Amino acid sequence: ACITGLTPSIVRAGIMAGTLLFMRHLGRQNDTLNALALAFILSLLVSPLDLFMAGFQLSFGAVFGILIFGAQVRRGLDGLLQRKRPRRLAGYLTGAVSASAGATVGTAPLLASAFNRVSFLGVLLNIAVIPIASAAIVTVFIAVIAGLVIGGAASYAALVPAAVIRFMMAIINWAASIPFIAANVASPPWYMTLAWFGVLFATSGYVLVKTKAKTVFSIALASLALLTMVVSRPSGMVITFLDVGQG
């Protein structure tokens, strides 16, 4: 984490991994959502202003979406594919689709707020990119180990992950050139973003209530957020002036 500059995503991953390993050492049951919450609290205690950074929000939003929404997608796909006796490839596709769907749902309002863009084919693109990114991580790790053992070998070993990363970036750049792969949207208000995540959590398996009650609560929360947005919507054009001085 220190080598990479203590970026929000690395700090989150480090705290979560340390928490889960410590709980396993104590013989306690692991709860990834609790580890995510602990990482969120500790990160903000150290640097409270990170809350307003897009990287911080996207990192936690993606993992939250995978844990909440992605887990439900995987359970549904597993139940559907079990009847067809899936092989290892089907299991991989189930995991890739669920993780991609969860990350997409968890970051959609944050991307709209920060960049005014929402992707439509991100779920399908991630299915191809995720295994390539995993291969890049493995080959980079091998290159680092080779450099520690034989210093001169690192430059040659790094050629493999460099090629993998270039291939991954080529796929991403190609996908970005596809027309209508993403849409420009207005930045949602902060309460709409909170309502989005509230609905995700309310419909998850962490809330032990009947499905009908979850549905009623989710509809009520979404309706309240929409009503608030309509009522508080300013009339006419709003112009904001930014004075950056003479620099």
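Analysis parameters
Residue positions are counted from 1 within each chain, in the order its sequence is given. Local features in this predicted model are restricted to residues whose pLDDT is 70 or higher, and side-chain atom pairs enter the listing and the counts only when it is 80 or higher, whereas totals over whole chains, interfaces and linings include all residues. Only hydrogens and water are set aside when side-chain values are computed; all heavy atoms of the structure are taken into account. Segments assigned H or I by DSSP are reported as helices when at least four residues long, segments assigned E as strands when at least two residues long, and all are numbered from the N terminus. Think of it in three bands: residues with accessible area under 20% of the maximum for their type are buried, residues over 50% are exposed, and the middle band is partly exposed, with areas taken using a 1.4 Å probe on protein chains only. The contact rule is simple, with two residues in contact once any of their heavy atoms fall within 4.5 Å. What makes a patch is a set of residues exposed beyond 30% relative accessible area and free of salt bridges, joined within 9 Å when like-charged and within 5 Å when nonpolar (Val, Leu, Ile, Met, Phe, Trp, Tyr). Here the Shrake-Rupley method, with its probe set to 1.4 Å, supplies the accessible areas, and only the displayed protein chains count as covering residues. Any Lys or Arg side-chain nitrogen located within 4 Å of an Asp or Glu carboxyl oxygen qualifies as a salt bridge. Take the number of residues in a helix, subtract one, and multiply by 1.5 Å to get its expected span. Only buried residues count toward a nonpolar core. Its members are Ala, Val, Leu, Ile, Met, Phe, Trp, Tyr and Cys residues joined through side-chain atoms within 4.5 Å. Working definition: rings of Phe, Tyr and Trp (its six-membered ring) pair if their centres are within 6.5 Å, and the pair is stacked with planes under 30 degrees apart, edge-to-face with planes over 60 apart, and tilted otherwise. Two axes are fitted around each residue, one to the seven residues ending there and one to the seven starting there, and the angle between them is reported as the bend at that residue.

Trainee: Tell me what's going on with the overall build of the protein, and back it up with residues and numbers.
Mentor: Scanning the protein from terminus to terminus reveals 9 helices and 2 strands. Written out in order from the N terminus, the α and β elements of the protein read α-α-α-α-β-α-α-α-β-α-α. Looking at the protein residue by residue over its 247 residues, the buried ones come to 26%. At a minimum sequence separation of 6, the contacts of the protein that also span at least 24 residues come to 67%.

Trainee: Describe unusual backbone geometry, and please don't skip the residues or the numbers.
Mentor: In most cases, non-glycine residues show a negative phi, while peptide bonds are predominantly trans. One non-glycine residue, Asn116, lies in the positive phi region at around 55 degrees. Along the polypeptide, Asn116 turns up in the loop between helix H4 (88-115) and strand S1 (117-119).

Trainee: Requested: an account of a nonpolar patch on the surface, with residues and values cited.
Mentor: A cluster of nonpolar residues, Val138, Val140, Phe141, Ile142, Val144, Ile145, Leu148, Val149, Ile150, Ile165 and Met169, forms a patch on the protein surface that exposes about 1,000 Å² of accessible area. At the level of elements, helix H5 (122-149) and helix H7 (159-176) are the ones that each hand at least two residues to the nonpolar patch. Ranked by residues supplied to the nonpolar patch, first place goes to H5 with 8 residues. If you trace the backbone, Leu148 turns up in helix H5.

Trainee: Tell me about helix H8 (residues 190-202), and name the residues and values.
Mentor: End to end, H8 covers 18 Å across 13 residues, agreeing with the expected 18 Å (1.5 Å per residue, within 8%). Within the sequence span of H8, burial applies to Tyr191, Thr193, Ala195, Phe197, Leu200 and Ala202.

Trainee: Account for the nonpolar core, naming residues and giving values.
Mentor: In terms of nonpolar packing, the biggest core is built from 17 residues, with Met16, Leu33, Leu36, Phe64 and Leu200 touching the most fellow members. Every element with two or more residues in this core is listed here: helix H1 (8-25), helix H2 (32-46), helix H3 (54-81), H4 and H8. Once residues lying within four places of it in the same chain are set aside, the contact partners of Met16 are Thr32, Ala35, Leu36, Ala39 and Val63.

Trainee: Explain the packing of aromatic side chains to me, using residue names and the numbers behind them.
Mentor: Under the criterion given, the structure shown has 6 aromatic pairs. Look at Phe56 and Phe60: their rings are 4.6 Å apart centre to centre, the planes differ by 45 degrees, and that puts the pair in the tilted class. Of this pair, Phe56 and Phe60 are both found in helix H3, 4 residues apart, which corresponds to roughly one turn of the helix. Residue classification places Phe56 among the buried residues on the basis of a relative accessible area of 2%. When the ring of Phe201 is compared with that of Tyr206, the centres are 6.4 Å apart and the planes differ by 20 degrees; the resulting orientation is stacked. The class of Phe201 is partly exposed, set by a relative accessible area of 33%.

Trainee: Pulling in residues and values, what's your account of H5?
Mentor: Taking 1.5 Å per residue, 28 residues should reach 40 Å; H5 reaches 39 Å between its end C-alpha atoms and fits that length. Bending of H5 peaks at approximately 35 degrees at the position of Ala128, with proline Pro131 no more than four residues after it. Three or more residues of H5 are buried, namely Gly122, Ile127, Val129, Ile132, Ala136, Thr139 and Ala143.

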